[in-house]
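Here is how the chains run, residue by residue.
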Amino acid sequence: MINLTVNGVQHALDIDPSTPLLYALRNDLQLHGAKFGCGLGQCGACTVIVDGEAAFSCLIPVGSIGRKPVRTIEGLGTIEHPGPLQKAFIEHQAVQCGYCIAGMIMRAQALLDRNPRPTERELLEHMEPNLCRCGTHTRILAAIREVAHLQAADAPRENPPLAASPGGAQ
Amino acid sequence: MTRKSGLLAAGGVTIVAALAVALLLMWKPAIAPVSPPAQDAFDARTKLAGARVVALGDCIVCHTAKGGKPFAGGLPLVTPFGTIYATNITPDVKTGIGAWSLEAFTRAMRHGVARDGHLLYPAFPYVHFTRISDDDIAAAYAYLMTREPIDATPPANQLMFPLNFRPLLAFWNVLFLRPGAQPPDASKDVEWNRGKLLVDGLGHCASCHSPLNAIGGEKSGHAFDGGIVDGWEAPALNAPGAAPKPWTKEQLVAYLRTGRASEHGAAAGPMLPVTRDLATVPEADVRSIATYLLSIQKPHAVSGAEATRAASTVGSPEAQRGAMLFAASCAQCHGPAAPMQSIGERPTLAFSTAVNAATPRNAIQMILSGNGWHGEDSMNYMPAFAQIYNDQQIADLASYIRAAYSQRGPWTDVEAAVVKVRKENNAR
């Protein structure tokens, strides 16, 4: 049996220890927020928080997690009471197709949990692994900036943004 | 004069003479500053030749900080003696080399002396650059002096006493610097000679791929026997047995120019940026490098580590735990039927130099750090697992991969190696 603590709830699952966490979340726990994108750790659609770190859930076997707490987007809020990041994403209309968004929000949440006031550079570096194929990165970043109390991207500031990096969340 | 006072006098003269020689060695005059040459001071052909020289010398790799402007310096190099920060080699007058004449630049390349006369640390590979031709030095100068000047002062070096006293480098230079261009070997053809010059001179391959002695010089008689740089093993370049399949010239050329070779694997760690530089130079240069490297192979002796492993290592407890991790974390790309291999033509881990190495260091580094995105040439991307797995899990994974994919004996003390490598990485 595999024991998993997800969003504060303990589960005992009769699954193979090499099952990726994403499959357990979606198929066994019916938590459909995290998405299967590439299955190779390249896109970030499956991002959840494991023990405080943003992690690609498609790459982590459930047998390796042990007692580490897992957080998914379902743990951040509800439709009636969305969490701060979820609210900001709605207000900024950061969603086009929406497939990457749960991963984006969870990666941003991991940063803000650790550092509620990141710099622009820290924000860009942290969000780089997650891709949005629709190209709503500017809105995604605007939503995160709002929660992180960062100035808008065009306002003058101390840390200039990184050079454009294809493949990153610019 | 008594015998005693005569001896004293002779001793005194010797000491004074030794001091004079020492001072002469340590003191280098400043070369007068110049106003930076105008952008049109060099013809296009010289600048183009310079771009090639600078790429072959990998200058940008060390002289650019992470996220920094090209050639503006600031990248830390951790040595056993402390941390050295690469200098700004843009033509900025105040913080870069804008006031350097060609004469000053040439002296730095050949003798390791800055324009103002202070001695440069041998992290700057002038013991190798001294071999290159005057034309190449002039071309590199033309190229660098026409880059964008960046006002950037690198952080101060943090070196242990007495190495923070630069004049002492004069004695290091007596031991390790043999200044001057390298004459060709008449018994060898042009391509071989060009390759030797590129490997020994501009490419300064031995800087990383040779073991260093106690005072940071390359161990004499051990050139290309392999070394350690930035926490990665730089494999021996003269040991054909290091790879499970012998390198062919075509594979070596492909590896150096694309960072990827069939039957071997992908470049990673500090070698990856080198291949990005070599992708920009004419293929003929890389072919010459390959020709020379294949000519320095030592006779292949089968070592203990290469002895066929006991068939049971895949069944060891750590390998069994590693197999579970591999199934979820690695098999999508590295498993037997993975599209990356069947369609993407990536070699199996069985051919990997890291997996077949004598120590698990590079396999551990690869699992910990992966290969990050890098603009458009992200073909060798691999996610990092440092945050996801603990030391034991990384060790289990490495042990499983070794047992499942290599014909060589198991690594020992893998978890201790993971702890060590992580500690080194965190200190960097």
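Since we're looking at a predicted model, the values are computed, not measured.

What counts and how
Residues numbered from 1 in each chain as written. Chains lettered and ligands numbered in written order. Predicted model: local features only at pLDDT ≥ 70, side-chain atom pairs only at ≥ 80, totals over all residues. Helix = DSSP H or I, 4+ residues; strand = E, 2+ residues; numbered from the N terminus. Buried ≥ 20, exposed ≤ 12 C-beta atoms within 10 Å, placed from the backbone. Pairing = 2+ DSSP bridges. Axes fitted to C-alpha atoms, helices over the stretch in contact; angles between N-to-C directions. Contact = placed C-beta atoms within 7 Å. pLDDT = per-residue confidence, 0-100. Core = buried A, V, L, I, M, F, W, Y, C linked by C-beta atoms within 7 Å. Domains from an automatic or database assignment. Nonpolar A, V, L, I, M, F, W, Y, C, P; charged D, E, K, R; others polar. Expected span 1.5 Å × (residues − 1).

Cis rather than trans, the peptide bond between phenylalanine 161 of chain B and proline 162 of chain B has omega equal to 5°. Following the sequence through the fold, proline 162 of chain B ends up in the loop between strand E3 (158-159) and helix H7 (169-176). At aspartate 51 of chain A, a residue that is not glycine, the phi angle is positive and equals roughly 50°. Relative to the assigned elements, aspartate 51 of chain A resides in the loop between strand E3 (47-50) and strand E4 (53-56). Take aspartate 51 of chain A: there are 14 C-beta atoms within 10 Å of it, and that puts it in the partly exposed class. Although it is not a glycine, histidine 204 of chain B adopts a positive phi angle of roughly 35°.

Before going further, it helps to spend a moment on the sheet that holds strand E1 (residues 2-6) of chain A. Residues and elements named next belong to chain A. Ordered by their spatial adjacency, five strands build an open sheet running E2-E1-E5-E3-E4, and the pairing between neighbours is mixed. On the outer flanks of this sheet lie strand E2 (9-13) and E4, each paired with one strand and no other. Put simply, the sheet's adjacent strands are angled 40° from each other on average, direction ignored. Pairing geometry for E1 and E2, over five bridges, is antiparallel. Residue asparagine 3 lies in a different strand from E2, and its bridge partner there is alanine 12. Sitting on the sheet, helix H3 (residues 101-114) is in contact with E3 and E4, with an inclination near 30° to E3.

It is worth spelling out the confidence of the model for chain B at this point. With 95% of its residues at a pLDDT of 70 or more, chain B has an overall mean of 90. Two summary scores accompany this predicted model of the complex, namely pTM at 0.85 and ipTM at 0.82.

Of all hydrophobic cores here, the largest spans 136 residues; its most connected members are Ile105 of chain A together with Leu144 and Ala398 of chain B. Tallying contributions element by element places helix H6 (residues 134-145) of chain B first for this core, with eight residues. Setting aside chain neighbours within four positions, we find alanine 398 of chain B in contact with Pro360, Ala363, Ile364, Ile367, Trp411 and Val414 of chain B.

When the parts come together, some accessible area is lost, and that loss is often what is quoted as the size of the interface. Residue and element names in this part refer to chain B. One can read the domain layout of chain B as domain 1 (26-176), domain 2 (190-295) and domain 3 (311-427). Centre-to-centre separation of domain 2 and domain 3, based on C-alpha positions: 23 Å. With 19 residues of domain 2 at the interface, the matching set in domain 3 holds 20 residues. Residue composition of the side of domain 2 that touches domain 3, grouped by class: eight nonpolar, six polar and five charged.

Let us now look at the pairing of E3 of chain A. Walk down a regular strand and you will see the side chains alternate between the two sheet faces. Residues and elements named next belong to chain A. Side chains Thr47 and Ile49 project from E3 onto one buried face, and the interleaved Val48 and Val50 project onto a second face that is buried too. Pairing of E3 with E4, which is carried by four bridges, proceeds in the antiparallel orientation. Pairing of threonine 47 across the sheet is with phenylalanine 56, part of E4. Count of turn residues in the E3/E4 antiparallel hairpin: two residues, of which aspartate 51 carries a positive phi of about 50°. Here E3 pairs with strand E5 (residues 69-71) via two bridges, running antiparallel. Looking at the pairing, isoleucine 49 lines up with arginine 71 of E5.

It is worth spelling out H3 of chain A at this point. An α-helical segment advances 3.6 residues per turn. Residues three or four places apart therefore align on the same side. All names here are of chain A. With 14 residues, H3 extends 20 Å between its outermost C-alpha atoms, agreeing within 8% with the 20 Å of an ideal straight helix rising 1.5 Å per residue. Of all 14 residues in H3, 10 are buried; the element is thus mostly enclosed. For H3, the complete set of buried residues consists of Ile101, Ala102, Gly103, Met104, Ile105, Met106, Arg107, Ala108, Gln109 and Ala110. Among the structural elements, E3, E4, helix H2 (84-91), helix H4 (120-127) and helix H5 (137-148) are those in contact with the buried residues of H3.

Residues and elements named next belong to chain B. With respect to the helices and strands, the residue glycine 344 is situated in the loop between helix H15 (339-342) and helix H16 (353-356). Owing to 11 C-beta atoms within 10 Å, glycine 344 belongs among the exposed residues under this scheme. With 11 residues separating them in the primary sequence, glycine 344 and cysteine 333 have C-alpha atoms 9.7 Å apart.

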